[in-house]
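Reading the structure
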Amino acid sequence: MRTQVCIIGGGPSGLLLSQLLDRAGIASVVLERQSRDYVLGRIRAGVLEYGTVGMLEQAGVAERAHAEGLPHSGTYLAVQNKGFRIDFDALIGKKVMVYGQTEVTRDLYAARAAAGGTVIHGVEGTQPRDLDTAAPYVTYTLGGTEHRIDCDFVAGCDGFHGPSRQAIPKNVLTEYERVYPFGWLGVLSETPPVSHELIYANHPRGFALASMRNANLSRYYIQAPVDDSLGKWTDQAFWDELRRRLPHDAADALITGPAIEKSIAPLRSYVADPMRWGRLFLVGDAAHIVPPTGAKGLNLAVSDVHYLFEALKQHYNEHDDSGLDGYSQTALARVWNAIRFSWWFTTTMHRFPDQTPFDQAIQDAELRYLEGSTTAQRGLAENYVGLPY
Ligand code: RFL
Ligand code: PHB
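All figures in this text were calculated on a predicted structure; none of them were measured in a lab. (Residues numbered from 1 in each chain as written. Chains lettered and ligands numbered in written order. Predicted model: local features only at pLDDT ≥ 70, side-chain atom pairs only at ≥ 80, totals over all residues. Heavy atoms only, no water.)

So, the site of ligand 1
- Around ligand 1, the structure places 33 residues, and the nearest of them are Glu32, Arg42, Gln101, Asp285 and Leu298.
- At 3.4 Å, a backbone N or O of proline 12 approaches an oxygen atom of ligand 1.
- With respect to ligand 1, the backbone of asparagine 299 contributes an N or O atom lying 3.2 Å from an oxygen atom.
- Burial of ligand 1 by the protein amounts to 87% of the accessible area it has alone, namely 1000 Å².
- Residue assignment for the shell around ligand 1 shows that the elements contributing at least two residues are helix H1 (12–23), strand E2 (28–32) and helix H10 (297–318).
- Looking at which element gives the most residues to the shell around ligand 1, the answer is H10, with four residues.
- The residue inventory of the shell around ligand 1, partitioned by class, reads 14 nonpolar, 12 polar and seven charged. (Near = heavy atom within 4 Å. Polar contact = N/O pair within 3.5 Å; in protein donor to acceptor, adjacent residues only side chain to side chain. Areas by Shrake-Rupley, 256 points an atom, 1.4 Å probe, with all protein chains shown as cover. Helix = DSSP H or I, 4+ residues; strand = E, 2+ residues; numbered from the N terminus. Nonpolar A, V, L, I, M, F, W, Y, C, P; charged D, E, K, R; others polar.)

With respect to the site of ligand 2
- Ligand 2 sits among 14 residues. The nearest are Tyr200, Ser211, Arg213, Tyr221 and Pro292.
- Proline 292 places a main-chain nitrogen or oxygen 2.8 Å from an oxygen atom of ligand 2.
- Between ligand 2 and alanine 295 there is a distance of 3.5 Å, counted from an oxygen atom to a backbone nitrogen or oxygen.
- Residue assignment for the shell around ligand 2 shows that the elements contributing at least two residues are strand E15 (208–214) and strand E16 (217–224).
- In terms of residues, the shell around ligand 2 owes the most to one element, E15, which gives three residues.

Structural notes on empty space enclosed by the protein
- This structure, assessed with the given rule, holds three cavities of 30 Å³ or more.
- In this structure, the largest cavity encloses a volume near 50 Å³.
- Lining the largest cavity, in full, are Glu49, Lys296, Arg334, Asn337, Ala338, Phe341, Asn383, Gly386 and Leu387.
- Sorting elements by how many residues they give to the lining of the largest cavity places helix H11 (residues 322–349) first, with four residues.
- For the lining of the largest cavity, the per-class residue count stands at three nonpolar, three polar and three charged. (1 Å grid on protein atoms, 1.4 Å probe; cavity = no way out; pocket = protein on both sides within 12 Å on 5 of 7 lines; lining within 4 Å. Points joined across faces, edges and corners; volume = space filled by probe spheres on them.)

Re the pattern of salt bridges
- Following the criterion strictly, the structure yields 23 salt bridges and no others.
- With its nearest N and O atoms 3.0 Å apart, the salt bridge here joins glutamate 49 to arginine 334. One end of the pair, glutamate 49, is in strand E3 (residues 47–49); the other, arginine 334, is in helix H11, and 285 residues separate them in sequence. With respect to burial, glutamate 49 and arginine 334 carry one shared label: buried.
- If you follow the salt bridges from partner to partner, you end up with Arg64, Glu68, Glu103, Arg106 and Asp107 in one network. (Salt bridge = Lys/Arg side-chain N within 4 Å of Asp/Glu carboxyl O. Buried < 20%, exposed > 50% of the residue type's maximum accessible area, 1.4 Å probe, protein only.)

Some thoughts on the sheet that holds strand E19 (residues 280–282)
- Spatially, E8-E2-E1-E12-E19-E18 is the arrangement adopted by the six strands of the open sheet, whose pairing is mixed. Both edges of this open sheet fall to strand E8 (118–121) and strand E18 (276–277), since each of them pairs with a single strand only.
- Summarising the sheet, E2 and E8 pair through four bridges and their orientation is parallel. Its bridge partner being in E8, valine 29 is matched across the sheet by threonine 118. (Pairing = 2+ DSSP bridges.)

So, unusual backbone geometry
- Aspartate 273 connects to proline 274 through a cis peptide bond whose omega is 10°.
- When you line up the elements, proline 274 lands in the loop between strand E17 (259–273) and E18.
- Even without a glycine there, the phi angle at glutamine 80 is positive, about 45°.
- One can find glutamine 80 in the loop between strand E5 (74–79) and strand E6 (82–87).
- At asparagine 81, a residue that is not glycine, the phi angle is positive and equals roughly 70°.

Quick look at the environment of isoleucine 199
- The topology assignment puts isoleucine 199 in strand E14 (residues 199–202).
- Those residues in contact with isoleucine 199 that sit more than four places away from it in its chain are Tyr76, Ala78, Val194, Ala208, Leu209, Ala210, Pro247 and Ala250. (Contact = heavy atoms within 4.5 Å.)

Some remarks on the state of the cysteines
- Tallied over the full model, the rule gives zero disulfides.
- Between cysteine 6, a cysteine without a disulfide, and cysteine 151, which holds the nearest cysteine sulfur, the sulfur-to-sulfur distance is 5.1 Å.
- Residue class for cysteine 6 comes out buried when judged on its relative accessible area of 0%.
- Of the cysteine sulfurs around cysteine 157, a residue in no disulfide, the closest is that of cysteine 6, at 10.0 Å.
- In this structure cysteine 157 comes out as buried when scored by relative accessible area, which is 6%. (Disulfide = S-S within 2.5 Å.)

Listed below in structure tokens is the structure:
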């Protein structure tokens, strides 16, 4: 088979890139290791920057997000069970939208199917090859049969554990990493959200987050040791711990129910530089990971898609490769802003096992400064709603 852009990975970044390319008359094939149901079963991001919503509009897949998504003009931070609000709209005139990654992915799958796009599920042993030549190709097996796709470019949209980044020679790649000494225990429950906006809570027992998907679907997280067994966290133990960490008024109002999903996610910051090698372009989690505190992972994947899509259009329509040549530098500049913000917000909101009294006093001062200063709040708001592309 031959195509123009071979996309490895059918998560949000691969599907969005494929959808945008199709609308620009550029052919692509998406290779996905998992089944569609498996991809849609992963509960992940919940908060979209408005730049992300704009990209969904450009791709013609924003209709349901606009109808069912929840625009949020602010968020609450809490310290020791007492909350204060950061008003994004008043501070910088922008909002975010609460609309789950699962729904974004569902909309993208529907759009690809409606346009007759090729998304091949269940591929194994995917391997991008000859990336430093003018004729790259990707091999994989499907149902025991070997296949090969010849292409002009390979987009590595295959997440943190995919084969694309591994294809870049070690002596070319610089990796930056911080692993945080805790995880997030997340629960999804069919209960009304405790608050109409998100609550990020700093508490002596550890961080907690109250989020949501819709009027009857809540998403909650608590900081927990990453190696804790899920068996230890009965629903009752989770709700009790969450209640201890939320602001008192929210804890009193919390409606609990059975967890329909429960998992522990590790927290990590990671950047691979460069994001381009020869004819391979890394996109999203394949190139970088942020801890979820800043709600940036999916949004960064979408801004990478934006830069790569514009660069590919320039290549095919104007025979101009400056966008492709500058892709890594342009994308990484925005990535590092989000890496810094996510690191700062994570460090400010969590309890670290080795936190000294000095560290604790600095954290307390940081949060008091945020509570009392609209200038400090503006910085948080600007980063949270998303820096411009
Ligand atoms: P994905 O979603 O990991 O998709 C990669 C796809 O590649 C496939 N794949 C392969 N396909 C073919 N051949 C192979 N050899 C392959 N190897 C892998 C995989 O099966 C998969 O389908 O990466 P992508 O598209 O770059 O998207 C990134 C986002 O998924 C991620 O950044 C966010 O989910 C992060 N994230 C959040 N981001 C936000 O912007 N806002 C949030 O509120 C937010 N909350 C979160 C999050 C991530 C979390 N977890 C569990 C990691 C909350 C959590 C708990
Ligand atoms: C979520 O709803 O899953 C969510 C929201 C905000 C975050 C992280 C995750 O910062």
